[in-house]
Amino acid sequence: MKITALLVMKSNPNPASGSESLLLTSASDLSQFGYFQRSSAKEFIMFVARTIAKRTPPGQRQSVQQDEYMVHCYNKNGLFGVAFMDNHYPVRSAFSVINKHKTIDSVLARGERLDSLVEKSSDLSMASQLFYKQAKKTNQCCTIL
């Protein structure tokens, strides 16, 4: 019994932008794959997680078999917990790992705080660019001969 990956994703609030669900955090153990296969395995995990998250209705749980793995997904009001485990891992235990309310809620709160920080940093970046342009214009008149 082995857990290969755990992911927490949030549904995109703006589906018109074309991007799918947003990855908030993930943890994976890809040691069972060869060194050169790990990046492909990680991409595959992300692809399957986004696909299953998109197809899981709100408030529902879903399990899908993919080769020798079981992929379990739980949609809690647009917040998805996705777990990749081997076939022998008990389903009830898998969903109890996913359904940790405190962990999921704290990640969601952290994601909202990160969104706020990203917005503030972009504002700061725009202000610094404006300051640079104004300083450059001001210094144009004062050339040293």
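Reading the values: rules and limits
- Every chain begins its residue count from 1, and numbering advances along the sequence as written.
- Where totals are concerned, whole chains, interfaces and linings use all residues; where local detail is concerned, this predicted model gives features only for residues with pLDDT of at least 70, and gives and counts side-chain atom pairs only at 80 or more.
- Side-chain numbers here rest on the full set of heavy atoms in the structure, without hydrogens or water.
- Here the rule is simple: two strands pair whenever DSSP picks up at least two bridges between them.
- Helix and strand assignments come from DSSP, with helices taken as H or I runs of at least 4 residues and strands as E runs of at least 2, each series counted from the N terminus.
- Two rings belonging to Phe, Tyr or Trp (six-membered ring only in the last case) form a pair when the distance between their centres is within 6.5 Å. Interplanar angles under 30 degrees mark stacking, angles over 60 mark edge-to-face geometry, and anything in between is tilted.
- With a 1.4 Å probe rolled over the protein chains alone, any residue whose accessible area is under 20% of its type maximum counts as buried; one over 50% counts as exposed, and the rest are partly exposed.
- Note on definitions: a residue-residue contact is assigned when non-hydrogen atoms from the two residues lie within 4.5 Å.
- Between Lys or Arg on one side and Asp or Glu on the other, a salt bridge is scored when a side-chain nitrogen of the former is within 4 Å of a carboxyl oxygen of the latter.
- Whenever a nitrogen or oxygen atom comes within 3.5 Å of another N or O atom, the pair is scored as a polar contact, on the condition that within protein one atom can donate a hydrogen and the other can accept it, and that pairs from neighbouring residues in sequence are kept only if both atoms are in side chains.
- Each axis is a line fitted through C-alpha atoms, and for a helix only the stretch in contact is used; angles between axes span 0 to 180 degrees, taken between their N-to-C directions.

Caption draft 1: Representation of the pairing of strand S3 (residues 61–66) within the structure. Taken together, the six bridges between S3 and strand S4 (residues 69–76) define a ladder with antiparallel strand orientation. Bridged to Val64 within S4 is Val71. Counting the residues between successive antiparallel strands, the hairpin from S3 to S4 contains two residues, one of them, Asp67, with a positive phi of roughly 55°.

Caption draft 2: Here's a closer look at the packing of aromatic side chains. Inspection of every chain in the model, using the stated rule, returns one aromatic pair. Look at Tyr35 and Phe36: their rings are 5.3 Å apart centre to centre, the planes differ by 80°, and that puts the pair in the edge-to-face class. Residue classification places Tyr35 among the exposed positions, given a relative accessible area of 64%. Here Phe36 falls in the exposed class, since its relative accessible area comes to 74%.

Caption draft 3: Highlighting the side chain of Thr4. When you line up the elements, Thr4 lands in strand S1 (residues 3–10). Aside from chain neighbours lying at most four places away, what touches Thr4 is Ala27, Ser28, Asp29, Leu30, Gln32, Phe33, Ile45, Tyr69, Phe84 and Met85.

Caption draft 4: How the structure looks around the pattern of salt bridges. Scanning all chains against the criterion turns up one salt bridge. The partner of Lys2 in a salt bridge is Asp29, and the shortest N-O contact between them spans 3.2 Å. Of this pair, Lys2 sits in the segment before S1 while Asp29 sits in the loop between strand S2 (22–28) and helix H1 (38–54), and the two are 27 residues apart along the sequence.

Caption draft 5: View of the environment of Asn75. With respect to the helices, strands and loops of the structure, Asn75 is situated in strand S4. Overall, the relative accessible area of 3% leaves Asn75 in the buried class. Taking the C-alpha atoms as reference points, Asn75 and Ala53, 22 residues apart in sequence, are found 7.3 Å from one another. Filtering out sequence-adjacent residues up to four positions away, Asn75 remains in contact with Thr56, Pro57, Pro58, Gly59, Gln60 and Phe80. From its side chain, Asn75 meets the backbone oxygen of Thr56 in a polar contact 3.0 Å long.

Caption draft 6: Spotlight on the side chain of Ser21. The topology assignment puts Ser21 in the loop between S1 and S2. Ignoring anything within four residues of it in the chain, the contact list for Ser21 reads Met9, Lys10, Ser11, Asn12, Arg50, Ala53 and Phe80.

Caption draft 7: Up close: the sheet that holds S4. One open sheet accounts for five strands, arranged S2-S1-S5-S4-S3; its pairing is antiparallel. The open sheet has two edge strands with one neighbour each: S2 and S3. Between one strand axis and the next, the sheet turns through 15° on average, direction left out of account. Relative to S2, S1 runs antiparallel, the two being bridged by six bridges. Across the sheet, Leu6 pairs through a bridge with Ala27, a residue of S2. Across the face of the sheet, H1 comes into contact with S1, S2, S3, S4 and strand S5 (79–86) while running at roughly 50° to S1. Along the sheet, helix H2 (residues 91–98) contacts S1, S3, S4 and S5; its crossing angle with S4, the most-contacted strand, is approximately 45°.

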